[in-house]
Amino acid sequence: MNQEIVQAEINHYTSLLRIKKTMDVFNAQLEIEIKTSQATLKTFGVDVSQFDFLLES
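Residues numbered from 1 in each chain as written. Predicted model: local features only at pLDDT ≥ 70, side-chain atom pairs only at ≥ 80, totals over all residues. Heavy atoms only, no water.

(A) Spotlight on the overall build of the protein. Scanning the protein from terminus to terminus reveals two helices and zero strands. Viewed in the frame of its principal axes, the protein has a C-alpha envelope of about 35 × 20 × 15 Å. Buried residues in the protein amount to 28% of all 57 residues. The long-range share in the protein, meaning contacts at least 24 apart out of those at least 6 apart in sequence, stands at 64%. Accessible surface, the protein as shown: approximately 4,200 Å² in total, 54% of it carbon and sulfur. (Helix = DSSP H or I, 4+ residues; strand = E, 2+ residues; numbered from the N terminus. Buried < 20%, exposed > 50% of the residue type's maximum accessible area, 1.4 Å probe, protein only. Contact = heavy atoms within 4.5 Å. Areas by Shrake-Rupley, 256 points an atom, 1.4 Å probe, with all protein chains shown as cover.)

(B) Representation of the pattern of salt bridges in the model. Summed over all chains, the structure comprises one salt bridge. Lys-20 is paired through a salt bridge with Glu-31; the nearest N and O atoms lie 3.2 Å apart. Note that Lys-20 is positioned in helix H1 (residues 2-22) and Glu-31 in helix H2 (residues 28-43), a separation of eleven residues in sequence. (Salt bridge = Lys/Arg side-chain N within 4 Å of Asp/Glu carboxyl O.)

(C) Molecular detail of the nonpolar core. Among the nonpolar cores identified, the biggest contains twelve residues, and these are Val-6, Ile-10, Tyr-13, Leu-16, Leu-17, Leu-30, Ile-34, Leu-41, Val-46, Val-48, Phe-51 and Leu-54. Among the secondary structure elements, those contributing two or more residues to this core are H1 and H2. The biggest single contributor to this core is H1, with five residues. Dropping the residues within four chain positions of it, Leu-41 is found in contact with Val-6, Glu-9, Ile-10, Tyr-13, Val-46 and Val-48. (Core = buried A, V, L, I, M, F, W, Y, C linked by side-chain atoms within 4.5 Å.)

(D) Expanded view of the environment of Thr-40. Within the fold, Thr-40 resides in helix H2. Here Thr-40 falls in the partly exposed class, since its relative accessible area comes to 27%. In this structure the C-alpha to C-alpha distance between Thr-40 and Ile-10, which are 30 residues apart in sequence, comes to 9.6 Å.

(E) Fine view of the side chain of Glu-9. Among the secondary structure elements, Glu-9 is positioned in helix H1. This buried residue, Glu-9, is left without a salt bridge; Lys-42 holds the nearest opposite charge, at 12 Å. Contacts of Glu-9, omitting those with residues within four sequence positions, involve Ser-37, Thr-40 and Leu-41. (Lys, Arg positive; Asp, Glu negative; His and termini not counted.)

So this is what it looks like as structure tokens:
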């Protein structure tokens, strides 16, 4: 069960990062969603820095 939750949250987080990459303007709500998702993943012991490549040009 926990593995399914973690996988769903990873999918959600990576989707948020992809959205952020496509945006030309700052979106405060998106940033809140990203930070919330990061916090959730960190509580499950996931190293979110491994997804930084999604924001690279």
